[in-house]
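What follows is each chain in one-letter form.
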Amino acid sequence: MNNLGVVVVAYNAADVIRDCLETLLAASADAKVVVVNNASTDNTAQVLEDWRTGHDGYQPDALPFAVIAVSKPLRSTDLTIIDAPHNGGFAAGVNIGLKHCLADPHVDRVWVVNPDTLTPSGTPQAIAEAPADFALMGGRILYAAPPHRIQIDGGTIDRWTGVTGNLNLGAPCDAAPSAPHDMAFISGASMVASRRFIEAAGPMSECYFLYYEEVDWALKRGNLPLTYCREAVVYHHAGTAIGSPTLDALPSPFSAYYKHRARMMFLRRHFPASMPVGYLYGLAKTAQSFLKGHLALGWAILCGLHGVRPPR
């Protein structure tokens, strides 16, 4: 698996990062794994150090599958931790990791995976062995709780409103996989980019800060296809850092602000004629939130829609 680079961008991930890395390293002993600590304001850096050295005595527990803890302390070749000088957003963190991974000429693909994911044993090998003639490759992302439901197989995009959708959302874990031709993008929670694509398309756009970076990136793929690897399964806690919506919960105001801000930026960059429709959609979501009594959520959507400073 020395052809595989792995990038984990962590922001305030102290509560989930150990499970992520423990399962990842147990499943991929010789992949090039890089954690970019995106200027976390919690104790993520200390948790990483205590875990890496084995001083915290951590043992994986209560996961959807069995895991044997990797030996500690970790060698420098097992894991690279990069402290970003400031939090430039998700894409900025990814780009730091991409640059580090691609400095190794043996790496022909880089897997970007969220810090609140869990990696079963066969996933990294399936990713490493898949044919390299793709731009971006995805797999099945399951909810960590409940672990038998799908979060996303691949993403769709409505070019009138800019609204994204999740293929197979909420379906049982054994549902038939979605076809790559139905996908407009691969979820940034678990997304593999080929070296050929990265060198042709360039790094991820850092203008969004959060959301739509992977949607924007997918539109730069040219003739290279999106592909799906059915063995590339991960479990995702979803929303642990920013409060993204789940099957049972609304988005946090923080998440809603950046989602609608990014959606309008995406339309402006790629489908400017659709901006009036996208704007009306945002107003409808604002009104819906106010009518249901979710005042903070509605105000956040309205601010994001207009690209003004977020509410405190």
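Before reading further, recall that the structure is shown in the block above.
Residues numbered from 1 in each chain as written. Predicted model: local features only at pLDDT ≥ 70, side-chain atom pairs only at ≥ 80, totals over all residues. Heavy atoms only, no water.

Asker: Explain the sheet that holds strand E3 (residues 80-83) to me, and be specific about the residues and the numbers.
Answerer: Read from one edge to the other, the open sheet built from seven strands follows the order E3-E2-E1-E4-E11-E6-E12, with strand pairing classed as mixed. A strand with exactly one partner marks an edge of an open sheet, and here the two such strands are E3 and strand E12 (226-228). On average, each strand axis in the sheet is inclined to that of its neighbour by 25 degrees, with strand direction left out of account. Pairing geometry for strand E1 (residues 4-10) and strand E2 (residues 32-37), over six bridges, is parallel. Pairing of Val 7 across the sheet is with Val 34, part of E2. (Pairing = 2+ DSSP bridges. Helix = DSSP H or I, 4+ residues; strand = E, 2+ residues; numbered from the N terminus. Axes fitted to C-alpha atoms, helices over the stretch in contact; angles between N-to-C directions.)

Asker: Before we move on, could you go through the pattern of salt bridges and cite the residues and values that matter?
Answerer: Under the definition given, this model contains nine salt bridges. Among the ionic pairs, Asp 108 bridges to Arg 109, the shortest N-O distance being 2.9 Å. Asp 108 gets classed as partly exposed once you look at its relative accessible area, which sits at 26%. Taking the relative accessible area as the measure of exposure, Arg 109 reaches 3% and is therefore buried. Of the charged contacts, one joins Arg 140 and Asp 153 as a salt bridge, the two residues approaching to 2.8 Å between their closest N and O atoms. A residue pair is termed long-range when its members are at least 10 positions apart, and Arg 140 in the loop between strand E6 (136-138) and strand E7 (141-143) and Asp 153 in the loop between strand E8 (150-152) and strand E9 (155-157) qualify at 13 residues. On the basis of relative accessible area, Asp 153 is assigned to the buried category, the value being 2%. Each of Asp 216, Lys 220 and Arg 269 takes part in salt bridges that share partners, so that together they form one network. (Salt bridge = Lys/Arg side-chain N within 4 Å of Asp/Glu carboxyl O. Buried < 20%, exposed > 50% of the residue type's maximum accessible area, 1.4 Å probe, protein only.)

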